[in-house]
Amino acid sequence: MSVNNLEIENQNGLAIENNVEIEKEQNKFLETTLGKVVNTGLEIGIRALLPDFIENEVIEIKDNLFNYGIKDGLKKTVDDAISLGKNALGIFNKDFENVTQMRDAVKIGGIVDGVSDLIDIGINKVGQSGKISSNILDMIKIGKDALLDSVSNGIEENFLNQIDEIKNLENNVEEWKEAFENKNIEEMDKAYEKIKDSSAGIAPLKQIIQETSLVENLHNLIKNNGNNFDLTEQQLQLAGQLS
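Residues numbered from 1 in each chain as written. Predicted model: local features only at pLDDT ≥ 70, side-chain atom pairs only at ≥ 80, totals over all residues. Heavy atoms only, no water.

Engineer: An account of the overall build of the protein chain is requested, with residue identities and associated values reported.
Structural biologist: A tally of helices and strands in the protein chain yields ten helices and zero strands. Along the protein chain, helices (α) and strands (β) appear in the sequence α-α-α-α-α-α-α-α-α-α when read from the amino end. For the protein chain, the proportion of its 243 residues judged to be buried stands at 42%. A separation threshold of at least 6 residues defines the contact pool for the protein chain, and within that pool the share at least 24 residues apart is 77%. In the form shown here, the protein chain has an accessible surface area of approximately 13000 Å², with 46% of it arising from carbon and sulfur atoms. (Helix = DSSP H or I, 4+ residues; strand = E, 2+ residues; numbered from the N terminus. Buried < 20%, exposed > 50% of the residue type's maximum accessible area, 1.4 Å probe, protein only. Contact = heavy atoms within 4.5 Å. Areas by Shrake-Rupley, 256 points an atom, 1.4 Å probe, with all protein chains shown as cover.)

Engineer: Explain helix α7 (residues 144-181) residue by residue, including any values.
Structural biologist: Over its 38 residues, α7 runs 56 Å from end to end, which matches the ideal 56 Å to within 8%, given 1.5 Å per residue. Positive phi appears at Lys183, one or two residues downstream of α7, with a value of about 55°. (Expected span 1.5 Å × (residues − 1).)

Engineer: How would you explain the pattern of salt bridges if you had to name every residue and give the values?
Structural biologist: Counted according to the given criterion, the structure contains 18 salt bridges. Notably, a salt bridge pairs Arg103 with Glu156, separated by 3.6 Å at the nearest N-O pair. Note that Arg103 is positioned in helix α4 (residues 99-108) and Glu156 in helix α7, a separation of 53 residues in sequence. Overall, the relative accessible area of 25% leaves Glu156 in the partly exposed class. The residue Glu156 makes a salt bridge to Lys107 at a minimum N-O spacing of 3.3 Å. Pair noted here: Glu156 is in helix α7 and Lys107 is in helix α4, with a separation of 49 residues, a long-range link. (Salt bridge = Lys/Arg side-chain N within 4 Å of Asp/Glu carboxyl O.)

Engineer: I'd like a description of the side chain of Glu43, backed by residues and values.
Structural biologist: For Glu43, the position within the fold is in helix α2 (residues 19-49). Here Glu43 falls in the buried class, since its relative accessible area comes to 17%. There is a polar contact of 2.8 Å between the side chain of Glu43 and the side chain of Arg47. Every residue in contact with Glu43, bar those within four places of it in the chain, is listed here: Glu55, Val58, Ile59 and Lys62. (Polar contact = N/O pair within 3.5 Å; in protein donor to acceptor, adjacent residues only side chain to side chain.)

Engineer: Tell me about the nonpolar core, residues and numbers included.
Structural biologist: The nonpolar side chains of soluble globular proteins are, as a tendency, buried together. Judged by nonpolar contacts, the single largest core of 59 residues is most densely connected at Leu30 and Trp176. Elements supplying a minimum of two residues to this core: α2, α3 (55-89), α4, α5 (111-129), α6 (134-142), α7, α8 (185-198) and α9 (206-224). No other element matches α7, which puts eleven residues into this core. (Core = buried A, V, L, I, M, F, W, Y, C linked by side-chain atoms within 4.5 Å.)

Engineer: Residues and numbers for α5, please.
Structural biologist: One full turn of an α-helix is made of 3.6 residues, so residues set three or four places apart face in the same direction. An ideal rise of 1.5 Å per residue puts 27 Å on 19 residues; α5 measures up with 27 Å between its terminal C-alpha atoms. All of the buried residues along α5 are Ile111, Gly114, Val115, Ser116, Leu118, Ile119, Gly122, Ile123 and Val126. As for α5, its buried residues are in contact with α2, α3, α4, α6 and α7. Downstream of α5 by one or two residues, Gly130 has phi in the positive range, about 80°.

Engineer: Explain unusual backbone geometry residue by residue, including any values.
Structural biologist: Positive phi outside glycine occurs at Lys183, with the angle close to 55°. If you trace the backbone, Lys183 turns up in the loop between α7 and α8.

Written out as structure tokens, the structure is:
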């Protein structure tokens, strides 16, 4: 039985991941990823607004702004953007099927507007704390659009990178499948290592989870079978069910 046939047989079987769990993992992924993007975007934006400041000063200003108002509200801002975006795209009670849907949802859901509100909160709170001078805060207020542009560009770049990384992963999976069909264990090993490397940091999408899990199960099954490709129908089915 080929890998592709095994995938088809498992489309409606035990290999289907729990939609609720995948949705939770996707939300968690977006919260973490967008949190990093916002953090980096703020630093880039502040550095552009304050070109005469040294690196450590820029990072300190960014950290204070981020920690005094943005950090605490970011999770809710991302979650609200996901929810609003899904409704606008007609993705009701479902997980995202691809990265493009993720990108469109958070953009339509108003992630940049939400970050804008958080920056305002951060400016007010850090101003009250006295951690940043009023002159610098005034410059940040005036240049807030530049900060938001930096964040928006970072979000777009991140999703474009995800699309490229997923294509790379899919190519590695296809390499493994070809080696599997040719019963070439050496090429399988090479492709398997590339799959492990390229899957790190990839958005948790159902199809990717299923395909990479199936590859992992079959690969380990063959390796544990002394590199013997003569697998029983039951072993193949079990590998698919565990993915």
